[in-house]
Amino acid sequence: IIIGLILALVFRQKPAPVAEEVAQPAVVTSPDGASNVAGGNVSAPVEVKKMPSKAEVSAAAKEAAIKNSAINFTERFGSYSVMANFSNFEELKPLATAAVTQWLDQYKTQLTAKQGADFVGVTTKAVSAKIISSSETVASVLVSTQRLETYASGPKTTYKDMLVKLVWQNNQWLADGAYWQ
């Protein structure tokens, strides 16, 4: 019992000192500009966060719209299935310029002839997007992707980047070119 009491006394926690708040005089400015010292407690300074300007909000919205357009185009372009007859290219047409829409039709014909009867399916997910350049009407975005390719022989995971060129038309960002890197 004695040993237990000694151990308890040695290992007991000591109470932490309590910090007392010290009253600081505050400087109060009167309407006429004179400064007066007032007694009482002064609270810690409050951090006032600056509201973003309209230009900052507009720039952030533009950047988000550019990235979202590039990601949406890349994921849809890179995800297809032979069984679905490359229907993803039809879904892309509202997201692309007339030149890219025309190219998509040609590319679909090439892929259909090339694939044959074996099942092929590819699912593409964007991992990140980085704006390479942008102006009021043109932007370039590098989209990094993970692709799950399913063949008759089995699945395969690959990582590829796609450079997407965008143009501002009809109040939206449209793909004007897409290039696997």
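Here the structure is shown first, and the text comes after it.
Structural notes, computed from the coordinates.

Topic: the overall build of the protein chain
In step 1: Per the secondary structure count, the protein chain includes 4 helices and 7 strands.
In step 2: Secondary structure elements of the protein chain occur, N-terminal to C-terminal, as α-β-β-α-β-α-α-β-β-β-β.
In step 3: Across the 181 residues of the protein chain, 24% fall into the buried class.
In step 4: In the protein chain, the share of contacts with a sequence separation of at least 24, taken over all contacts with a separation of at least 6, comes to 45%.
In step 5: For the protein chain, the accessible area works out to roughly 12,800 Å², and carbon and sulfur atoms hold 58% of it.

Here we look at the sheet that holds strand 3 (residues 80–81)
In step 1: Read from one edge of the open sheet, 5 strands run 3-4-5-6-7, paired in antiparallel fashion. The open sheet has two edge strands, strand 3 and strand 7 (172–180), and neither has a second partner.
In step 2: Sheet contacts for helix 2 (residues 54–78): strand 3, strand 4 (121–134), strand 5 (138–151), strand 6 (154–169) and strand 7; angle to strand 4, the most-contacted strand, approximately 150°.

Concerning the packing of aromatic side chains
In step 1: On inspection of all chains with the given rule, the structure shows 10 aromatic pairs.
In step 2: With centroids separated by 6.2 Å and ring planes inclined at 15°, the aromatic side chains of F86 and F89 adopt a geometry described as stacked.
In step 3: Under the relative-accessibility criterion, F86 is labelled buried at 2%.
In step 4: Through successive ring pairs, a cluster of aromatic residues spans F73, F77, Y80, F86, F89, W103, Y107 and W180.
In step 5: The lysine or arginine in question, K160, covers the ring of W180, its NZ or CZ lying 5.6 Å from the ring centre.

Some remarks on the pattern of salt bridges
In step 1: By the definition in use, this model includes 4 salt bridges.
In step 2: The closest approach of N and O atoms between E90 and K93, which form a salt bridge, is 3.2 Å.
In step 3: Accessibility expressed as a relative area gives 40% for E90, which makes it partly exposed.
In step 4: Residue classification places K93 among the partly exposed residues on the basis of a relative accessible area of 22%.
In step 5: Of the charged contacts, one joins D105 and K93 as a salt bridge, the two residues approaching to 2.7 Å between their closest N and O atoms. A residue pair is termed long-range when its members are at least 10 positions apart, and D105 in helix 4 (residues 98–115) and K93 in the loop between helix 3 (88–92) and helix 4 qualify at 12 residues.
In step 6: With relative accessibility at 35%, the residue D105 sits in the partly exposed group.
In step 7: In the salt-bridge network here, residues are joined through shared partners; they are E90, K93 and D105.

As for the nonpolar core
In globular proteins that are soluble, nonpolar side chains generally tend to be buried together.
In step 1: If you look at the biggest cluster of nonpolar residues, it comprises 24 residues, and the most contacted ones within it are F73, F77, F89, V141, V164 and L166.
In step 2: Mapped by element, the contributors of at least two residues to this core are helix 2, helix 3, helix 4, strand 4, strand 5, strand 6 and strand 7.
In step 3: Per-element tally for this core: the top contributor is helix 2, with 4 residues.
In step 4: Once you skip the residues sitting within four places of it in the chain, V141 turns out to touch I66, A70, A129, K130, I131, I132, M162, L163, V164 and L166.

Brief notes about a nonpolar patch on the surface
In step 1: Together, I2, I3, I6, L7, V10 and F11 line one region of the surface with nonpolar side chains, adding up to about 690 Å² of accessible area.
In step 2: Structurally, the position occupied by I2 is in helix 1 (residues 2–11).
In step 3: Classification of I2 by relative accessible area gives exposed; the value is 63%.

Considering unusual backbone geometry
In step 1: Even without a glycine there, the phi angle at F86 is positive, about 55°.
In step 2: Note that F86 resides in the loop between strand 3 and helix 3.

Quick notes on the side chain of S140
In step 1: Note that S140 resides in strand 5.
In step 2: Judged by its relative accessible area of 8%, S140 is buried.
In step 3: Discounting residues that sit within four places of it in the chain, S140 has contacts with K130, I131, I132, S133, L163, V164 and K165.

Criteria and cut-off values
Residues numbered from 1 in each chain as written. Predicted model: local features only at pLDDT ≥ 70, side-chain atom pairs only at ≥ 80, totals over all residues. Heavy atoms only, no water. Helix = DSSP H or I, 4+ residues; strand = E, 2+ residues; numbered from the N terminus. Buried < 20%, exposed > 50% of the residue type's maximum accessible area, 1.4 Å probe, protein only. Contact = heavy atoms within 4.5 Å. Areas by Shrake-Rupley, 256 points an atom, 1.4 Å probe, with all protein chains shown as cover. Pairing = 2+ DSSP bridges. Axes fitted to C-alpha atoms, helices over the stretch in contact; angles between N-to-C directions. Phe/Tyr/Trp six-rings, centres within 6.5 Å; stacked < 30°, edge-to-face > 60°. Lys NZ or Arg CZ within 6 Å of the ring centre and 35° of its normal. Salt bridge = Lys/Arg side-chain N within 4 Å of Asp/Glu carboxyl O. Core = buried A, V, L, I, M, F, W, Y, C linked by side-chain atoms within 4.5 Å. Patch = residues over 30% accessible without salt bridge, like charges linked within 9 Å, V, L, I, M, F, W, Y side chains within 5 Å.

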